[in-house]
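If you want the building blocks of each chain, they are given just below.
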Amino acid sequence: MEETIYKKEYSISEILSEAWKIFKENFKTILIVVLLVYIPINIVLLFVPEGEFLGSSENYARIVQILEGLIGIIAVMAIAYIVKSRTDGRQIDFQQALGKALSKWTTAIGTNIMMGIFLLGLTLLLIVPGIIYAVYWTFVLYAVVLCDKSGKKALDYSKSIVQGRWWTVLWYCLALSLLSFLAGMLVGFLYIFLLPEHWLSNMAVNTSIDIVAAYFVVVFTVFFLNFDGTKEKVLEAETLK
């Protein structure tokens, strides 16, 4: 894979296949990262009474989003770093992965806030520009953790990868996000029907869904690495037209 990921643009099936290989080979390291980051989040959520203490299920959902955005992002960046290291022929442990993620934590949050403000402004002007730039900025988080970019430079770097392949990136994102959603729902339904209602069961369900989501973090990281590695060929093709 190391020889082809930067040279040939992958199809969705190739991305999923390569991601599965990396996920299996690094499962123990990825699992430790997921457990260390998400078990505390899941424990906190267990003891937050939905719709009572917070007033509504919408407020509860906002708390979930905040925890995922502030804390869950650490796991996403750590897993992305594991994948990049494996792709470049290096093997790292969970301490190195989490160390890298924590070193980029505030930068990633700041860059995401900037992106959110820009997208809000674009959407308020017209919905279409908001959608266009949401796709252009698909790879912002990966640009931060894997390419040491920040702020506007991370946004521009992501755009440079997508340029000339906007529709392809949109299609890939929609398809992969749908697969991620369906996989998480399947795991959730299996546990709901197989396990009794108990806080331990809820923990098992949430943690299992997080592990499935970790595979799709690997998927999107392979997606990023492949499209980043092949962007020069796309630019050359665009120039020749």
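Residues numbered from 1 in each chain as written. Predicted model: local features only at pLDDT ≥ 70, side-chain atom pairs only at ≥ 80, totals over all residues. Heavy atoms only, no water.

## Some remarks on the overall build of the protein chain
1) Next: For the protein chain, the count of helices and strands is eleven helices and zero strands.
2) Next: For the protein chain, the α and β elements follow one another from N to C terminus as α-α-α-α-α-α-α-α-α-α-α.
3) Next: Expressed as a percentage of the 241 residues in the protein chain, the buried residues total 42%.
4) Next: Contacts in the protein chain between residues at least 24 apart in sequence constitute 77% of all its contacts with a sequence separation of at least 6.
5) Next: Surface summary for the protein chain: the accessible area is close to 12900 Å², and the carbon and sulfur share equals 68%. (Helix = DSSP H or I, 4+ residues; strand = E, 2+ residues; numbered from the N terminus. Buried < 20%, exposed > 50% of the residue type's maximum accessible area, 1.4 Å probe, protein only. Contact = heavy atoms within 4.5 Å. Areas by Shrake-Rupley, 256 points an atom, 1.4 Å probe, with all protein chains shown as cover.)

## Some points on unusual backbone geometry
1) Next: With a phi close to 55 degrees, Asp148 is a non-glycine residue in the positive phi region.
2) Next: Within the fold, Asp148 resides in the loop between α7 (140-147) and α8 (151-162).

## Observations regarding the nonpolar core
1) Next: In this structure, Ile79, Val218, Val222 and Phe223 are the most contacted members of the largest nonpolar core, which totals 67 residues.
2) Next: When residues in this core are grouped by element, the largest group, twelve residues, is from helix α10 (residues 199-229).
3) Next: Apart from the residues within four sequence positions on either side, Val222 is in contact with Ile5, Tyr10, Ile15, Glu18, Ala19, Ile22 and Val83. (Core = buried A, V, L, I, M, F, W, Y, C linked by side-chain atoms within 4.5 Å.)

## Quick notes on the packing of helix α5 (residues 105-125) against α8
1) Next: Their axes nearest at 9 Å, the elements α5 and α8 cross at an angle of 70 degrees. Taken as axis vectors, α5 and α8 run roughly perpendicular relative to one another. As α5 runs across α8, the sense of the crossing is right-handed. Only Gly151, Lys152, Ala154 and Leu155 of α8 make contact with α5, whose side of the interface consists of Thr111, Met114, Met115 and Phe118.
2) Next: Grouping the amino acids of the contact of α5 with α8 by side-chain chemistry returns five nonpolar, two polar and one charged. (Axes fitted to C-alpha atoms, helices over the stretch in contact; angles between N-to-C directions. Parallel < 35°, antiparallel > 145°, perpendicular 65-115°, else oblique. Left-handed = near helix turned anticlockwise from the far one by under 90°. Nonpolar A, V, L, I, M, F, W, Y, C, P; charged D, E, K, R; others polar.)

## Quick notes on the pattern of salt bridges
1) Next: Taken as a whole, this structure holds nine salt bridges when the rule is applied.
2) Next: Lys21 is paired through a salt bridge with Glu18; the nearest N and O atoms lie 4.0 Å apart. Taken together, the residues Lys21 and Glu18, both in helix α1 (residues 12-25) and three residues apart, mark about one turn of the helix.
3) Next: Classification of Glu18 as buried rests on a relative accessible area of 15%.
4) Next: A salt bridge links Asp156 to Lys152; the nearest nitrogen and oxygen atoms lie 3.0 Å apart. With Asp156 and Lys152 both in helix α8 and four residues apart, this pair spans about one turn of that helix.
5) Next: Through salt bridges with shared partners, a single network forms among Lys100, Lys104 and Asp148. (Salt bridge = Lys/Arg side-chain N within 4 Å of Asp/Glu carboxyl O.)

## Things to note about the packing of α7 against α8
1) Next: Between α7 and α8, the shortest axis-to-axis distance is 8 Å and the interhelical angle comes to 110 degrees. Classified by the interaxial angle, the pair formed by α7 and α8 is roughly perpendicular. Both α7 and α8 take part in a crossing whose hand is right-handed. Counted together, Val140, Ala143, Val144 and Cys147 of α7 and Ala154, Leu155, Tyr157 and Ser158 of α8 form the full contact between these two elements.
2) Next: Grouping the amino acids of the contact of α7 with α8 by side-chain chemistry returns seven nonpolar, one polar and no charged.

The values reported here are purely geometric and, on their own, carry no functional implication.
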